[in-house]
Amino acid sequence: MTIKNRLKELRKSKHLTLDDIAEETNIKRGTFSNWENGKTEPKLETWQKLADYFGVSVPYLQGVSNVNDALFRTVADFVSGEDYRSFDLLDNSVQITINGKDVSASDIEKIREYAMFITKSD
């Protein structure tokens, strides 16, 4: 069984052409097309760059996982750092955006609850 990556699906969901991808990422049109169609595969570091570009995790992009947990990994990285202790997610002076869209107060609360959950130590 061959695992199908999500490159084409994500490209199309963002209404991007192969030419758009080539222009924005400096990846040749034909190279990206070959990756989309499973003819060749990018190197691991390129998978990561593509995952960052599309705002997803590498396993999700590769089709290995059905869970797009890029946001939660970002949150996990943040809450494990020193800055988190002095950062208030509910501070009205802080505006949080994801992929250029404002995050609602209720979503911020969900993120805060998730952050508290993943940082609990047993």
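Attention here is on the structure that accompanies the text. (Residues numbered from 1 in each chain as written. Predicted model: local features only at pLDDT ≥ 70, side-chain atom pairs only at ≥ 80, totals over all residues. Heavy atoms only, no water.)

1. Some remarks on the nonpolar core
Put simply, the test is: We call a set of buried residues a nonpolar core when its members are Ala, Val, Leu, Ile, Met, Phe, Trp, Tyr or Cys and they connect through side-chain atoms within 4.5 Å of each other. Relative accessible area decides the class of each residue, using a 1.4 Å probe on protein chains only: under 20% of the type maximum gives buried, over 50% gives exposed, and in between gives partly exposed. Per the convention used, a helix needs a DSSP run of H or I reaching at least four residues, while a strand needs a run of E reaching at least two, with both numbered from the N terminus. Contact criterion: two residues are considered in contact whenever any of their non-hydrogen atoms come within 4.5 Å of each other.
Ranked by size, the top nonpolar core spans 16 residues in total, and within it Leu7, Phe32, Trp35, Leu50, Phe54, Val56 and Leu61 carry the most contacts. Among the elements of the structure, α1 (7-13), α2 (18-25), α3 (29-36), α4 (44-54) and α5 (58-62) are those that each provide at least two residues to this core. Element by element, the count of residues in this core is highest for α4, at four residues. Sequence-distant contacts of phenylalanine 32, that is, excluding residues within four places in its chain, are made with Leu7, Arg11, Leu18, Ile21, Ile27, Leu50 and Phe54.

2. Concerning the environment of threonine 17
Its location among the elements puts threonine 17 in the loop between α1 and α2. Remark: the alpha-carbon pair of threonine 17 and arginine 29, spanning 12 residues in sequence, is separated by 9.2 Å.

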